[in-house]
Amino acid sequence: MSENNTLIRPLNGPLLTRESLPDLLPDIVDASSVFNPGAVVIAGRTHLLLRVQTRGRRTFCVPAVSDDGLSFRVSGQSSQFTGLPDMCVYHNYDPRLTLLEGRLYVITALDTDDGGRCALWRTNNLLDAEFAGLDQLEFVSLINNQDTRNAVLFPERIAGLFHLLHRPNLTVLNRGPLSGSTIQMSVSEDLKPWQDAGEVMSGNPHYWDELIGSGPPPIKTRHGWLHLYHGVATHFQSSNIYQVGAVLLDLNHPANVLARTRDNILEPRESWEKMGQVPNVVFPSGATVSHEDDEGFAPDGAMVRIYYGAADTVVAVAEGTVGAIVKACHQ
Ligand code: BMA
């Protein structure tokens, strides 16, 4: 049997499960699920911001930290989000983390009574604190003030402007919430407001990536911005299948796609990916690289660790080198 060796799962099971979570009184008691974490490495330590769901199906974000990227200590407090303009928010979830000009930023999805929104937050610059300041997040801006999801901030300015990718909610999923099939670029001079800067890529009807959305923030390589995204195959009767693909974007003009994986590079295969709250889901939301060169590029030999939600129930990890993922983009 031939094997696709782009990514491997280094563990024999999930990385974090509901059992990994302490009770965080009064909000989280006997949590139901933990999934879709944001990830960042600061001073050699891996920080995750976990999406935690309670038995009341309420949503919290909880920081966790690790010295080796595989064994995590979970905070005894959920993150406090402050400064959001007056709006009715039901859920604040799927955090994506970006370290940019020495400051840690988080973008979350919001379910509001006016549809989906994405919000940009920043920490209070406590990068050397145990949880890198992820316990206190201050509102910065809403992304384009439109119904959108899966927004991710680039880790540096390009041609003087801040850049982000997001995925407007336009397509109606069968039996599901609003989703979308086009990733868009937005730019800003000061992280607020954001202006539309055009379409980057869209889904492929009938194949693995009919609907798409950004995964973790892009990784800078000599080949271009390496970006992992999720694709959803919607043409199966019983469930939508969420998988992972990769794309290379031009370093100076990141709305230009240079190469893109034809097939997915990770799909639900393990029991914990196929069974859970939402079956058949691998949803990449955090990525770290083992090292960068002197100019901040991740070299081909660097190891990319992808932290993903499996079946909307647990957190899992997959890894592969920059070189292997770049090669898959050209196949
Ligand atoms: C997407 C988002 C994710 C979720 C995924 C699979 O639309 O809502 O938060 O993990 O669906 O259910």
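Every value quoted in this text rests on a predicted model; they were computed, and no experiment measured them.

Student: Which parts of the structure should I look at to understand the overall build of the protein chain?
Tutor: A count of helical and extended segments in the protein chain gives two helices and 23 strands. Radius of gyration (C-alpha) of the protein chain: 18 Å, near the 20 Å computed for a compact globule of 331 residues. Burial status across the protein chain gives 56% buried among its 331 residues. Residue pairs at least 24 apart in sequence account for 53% of intrachain contacts in the protein chain once pairs closer than 6 positions are excluded. Entry remark: accessible area of the protein chain is about 13900 Å², with carbon and sulfur atoms responsible for 47%. Of the side chains in the protein chain, 25 bear a positive and 37 a negative charge, and the two mean positions are spaced by 4 Å.

Student: Would you explain the site of the ligand in this entry?
Tutor: With respect to spatial proximity, the complete set of residues near the ligand consists of Asn 36, Arg 51, Tyr 93, Asp 94, Arg 149, Tyr 242, Val 278, Val 281, Phe 283 and Asp 312. Residue Tyr 242 places a side-chain N or O atom 3.1 Å away from an oxygen atom belonging to the ligand. Separating an oxygen atom of the ligand from a side-chain N or O atom of Asp 312 is a distance of 2.6 Å. Grouping the amino acids of the shell around the ligand by side-chain chemistry returns five nonpolar, one polar and four charged.

Student: Where do I start with the sheet that holds strand 2 (residues 45-53) in this structure?
Tutor: Backbone hydrogen bonds hold the strands of a sheet together, and the pairing may be parallel or antiparallel. As summarised here, the arrangement of the four strands in space is 1-2-3-4, forming an open sheet in which the pairing is antiparallel. Two strands bound the open sheet, and with one partner strand each, they are strand 1 (33-42) and strand 4 (73-74).

Student: So what exactly am I meant to see when it comes to the side chain of Thr 46 here?
Tutor: Tracing the backbone shows Thr 46 in strand 2. Owing to a relative accessible area of 6%, Thr 46 belongs among the buried residues under this scheme. What Thr 46 contacts, discounting residues up to four positions off in sequence, is Val 40, Val 41, Ala 64, Val 65, Ser 66, Gly 69, Phe 72, Thr 288 and Tyr 307.

Student: Where do I start with helix 2 (residues 322-329) in this structure?
Tutor: For helix 2, the set of buried residues is Val 322, Ile 325, Val 326, Ala 328 and Cys 329. Seen end-on, helix 2 carries its buried residues on one side only, within an arc spanning 160°.

Student: What is the right way to read the pattern of salt bridges from this model?
Tutor: Opposite charge on two side chains permits pairing when their charged atoms draw close. Under the criterion given, the structure shown has 16 salt bridges. Note that Asp 209 is salt-bridged to Arg 260, the shortest N-O span being 3.0 Å. In this pair, Asp 209 sits in the loop between strand 15 (195-202) and strand 16 (211-214) while Arg 260 sits in strand 20 (residues 257-260), placing the two residues 51 residues apart along the sequence. Overall, Asp 209 belongs to the buried group, its relative accessible area being 1%. Arg 222 serves as the salt-bridge partner of Glu 295, at 2.8 Å between the closest nitrogen and oxygen. With Glu 295 in the loop between strand 21 (282-289) and strand 22 (303-310) and Arg 222 in the loop between strand 17 (219-221) and strand 18 (224-233), this pair connects stretches of sequence that are 73 residues apart. Through salt bridges with shared partners, a single ionic network connects Arg 18, Glu 19, Asp 30 and Arg 55.

Student: Explain the nonpolar core to me, please; I cannot follow it from the model alone.
Tutor: If you look at soluble globular proteins, the nonpolar side chains tend to sit buried side by side. If you look at the biggest cluster of nonpolar residues, it comprises 28 residues, and the most contacted ones within it are Leu 226, Leu 228, Ile 265, Val 304, Tyr 308, Val 322 and Ile 325. The contacts of Leu 228, once residues within four sequence positions are left out, are Ser 214, Gly 215, Pro 216, Val 244, Gly 245, Ala 246, Ile 265, Ala 287, Val 304, Ile 306 and Ile 325. In this structure, Leu 15, Ile 28, Leu 48 and Val 74 belong to the second largest nonpolar core, which totals 19 residues.

Student: Whenever I open this one, the sheet that holds strand 15 confuses me. Can you help?
Tutor: One open sheet holds the four strands; their spatial order is 10-11-14-15, and the pairing between them is antiparallel. Two strands lie at the open edges of the sheet, namely strand 10 (148-153) and strand 15, each paired on one side alone. Neighbouring strand axes in the sheet, compared pairwise and without regard to direction, differ in orientation by 25° on average. As paired strands, strand 11 (residues 162-168) and strand 14 (residues 182-188) are joined by five bridges and run antiparallel to one another. In the sheet register, Leu 164 faces strand 14, and the bridge partner there is Ser 186.

About the criteria used
Per-chain numbering applies: the sequence of each chain, read as written, is numbered from 1 onward. In keeping with the model being predicted, local features are shown solely for residues with a pLDDT of at least 70 and side-chain atom pairs are shown and tallied solely at 80 or more, while totals for entire chains, interfaces and linings include all residues. No hydrogens and no water enter the side-chain calculation; it runs on all heavy atoms of the structure. Numbering of helices and strands runs from the N terminus; a helix is a DSSP stretch of H or I covering at least four residues, while a strand is a stretch of E covering at least two. Radius of gyration means the value over C-alpha atoms here, while the globule rule gives 2.2 Å times the residue count to the 0.38 power. Burial here depends on accessible area, computed with a 1.4 Å probe over protein chains only, as a share of the maximum for the residue type. Under 20% is buried, over 50% is exposed, and the range in between is partly exposed. Should any heavy atoms of two residues lie within 4.5 Å, those residues are considered in contact. Areas reported here follow the Shrake-Rupley algorithm with a probe of radius 1.4 Å; residue values treat only the protein chains shown as occluding. Here Asp and Glu are counted as negative and Lys and Arg as positive; His is not counted, and neither are the chain ends. In plain terms, the charge of a residue is placed at NZ if it is Lys, CZ if Arg, CG if Asp and CD if Glu. By convention in this text, a residue qualifies as near a molecule or strand provided that one of its non-hydrogen atoms is within 4 Å of it. Whenever two N or O atoms come within 3.5 Å, that pair is a polar contact, provided that in protein one can donate a hydrogen and the other can accept it, and provided that, for residues adjacent in sequence, both atoms are side-chain atoms. Polarity classes work like this: nonpolar for Ala, Val, Leu, Ile, Met, Phe, Trp, Tyr, Cys and Pro, charged for Asp, Glu, Lys and Arg, and polar for all others, with Gly in that last group. What makes two strands pair is DSSP finding at least two bridges between them. The directions considered for the arc are those from the helix axis to the C-beta atoms. Note on definitions: salt bridges are taken to be side-chain nitrogens of Lys or Arg within 4 Å of carboxyl oxygens of Asp or Glu. Only buried residues count toward a nonpolar core. Its members are Ala, Val, Leu, Ile, Met, Phe, Trp, Tyr and Cys residues joined through side-chain atoms within 4.5 Å. Lines fitted to C-alpha atoms define the axes here, with helix axes fitted over just the stretch in contact, and angles between the N-to-C directions of these axes take values from 0 to 180 degrees.

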